[in-house]
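Here's the letter readout for the chains.
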Amino acid sequence: YRLIGIRLEEAAGREERRNGELAQQLERQRRELDDARVGMARFQGKADQASSDLEDLRSTVALLERNAAETNLATAELAAGKDKHISALQYTEESLAAQQCRVREVQLERD
């Protein structure tokens, strides 16, 4: 019985050591899992921020495209207005030149 008792104590000691090792391993794996969860949460936060930044960029691009279209339209309107004014100035110059010719003709007729 004594031998059986010694063997049972040895087996119990081995089992206790094994349980301790398993407990340490379990604790280590729990910490690793917690670290992985924290890492995943950080990654999700960064992914959410990147998604938000992408939406901001899309909005900015849309605004820039709208501004470019408005600028192009305004430029075309200015060009059309410029052409209109140039035509009016040319007509005025031609009219003035015609009037000056007429004045010269009248002066020549008087002389």
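In this text, all values refer to a predicted model and were calculated from it rather than measured experimentally. (Residues numbered from 1 in each chain as written. Predicted model: local features only at pLDDT ≥ 70, side-chain atom pairs only at ≥ 80, totals over all residues. Heavy atoms only, no water.)

Caption draft 1: The overall build of the protein, seen in detail. Scanning the protein from N- to C-terminus turns up one helix and zero strands. Expected size for 111 residues packed as a compact globule is a radius of gyration near 13 Å; at 47 Å, the protein overshoots this value by more than 25%. In terms of principal-axis extent, the alpha carbons of the protein reach across some 160 × 15 × 10 Å. Taken over 111 residues, the protein has a buried fraction of 0%. Each charge sign in the protein was given a centre, from 18 positive and 22 negative side chains, and these centres are 10 Å apart. (Helix = DSSP H or I, 4+ residues; strand = E, 2+ residues; numbered from the N terminus. Rg over C-alpha atoms; globule rule 2.2 N^0.38 Å. Buried < 20%, exposed > 50% of the residue type's maximum accessible area, 1.4 Å probe, protein only. Lys, Arg positive; Asp, Glu negative; His and termini not counted. Charge placed at Lys NZ, Arg CZ, Asp CG, Glu CD.)

Caption draft 2: Main features of the pattern of salt bridges. Under the counting rule described, the total for this entry stands at seven salt bridges. As a salt-bridge pair, Arg-30 and Asp-34 come within 2.7 Å of each other at their nearest N and O atoms. Taken together, the residues Arg-30 and Asp-34, both in helix 1 (residues 2-110) and four residues apart, mark about one turn of the helix. Here Glu-105 makes a salt bridge to Arg-102, at a shortest N to O gap of 3.3 Å. Here the residue Glu-105 and the residue Arg-102 both occupy positions in helix 1, the gap between them amounting to three residues, near one helical turn. According to the relative accessible area criterion, Arg-102 is exposed, its value standing at 51%. Shared partners join several salt bridges into a network, and the residues in it are Glu-27, Arg-30, Arg-31, Asp-34 and Arg-37. (Salt bridge = Lys/Arg side-chain N within 4 Å of Asp/Glu carboxyl O.)

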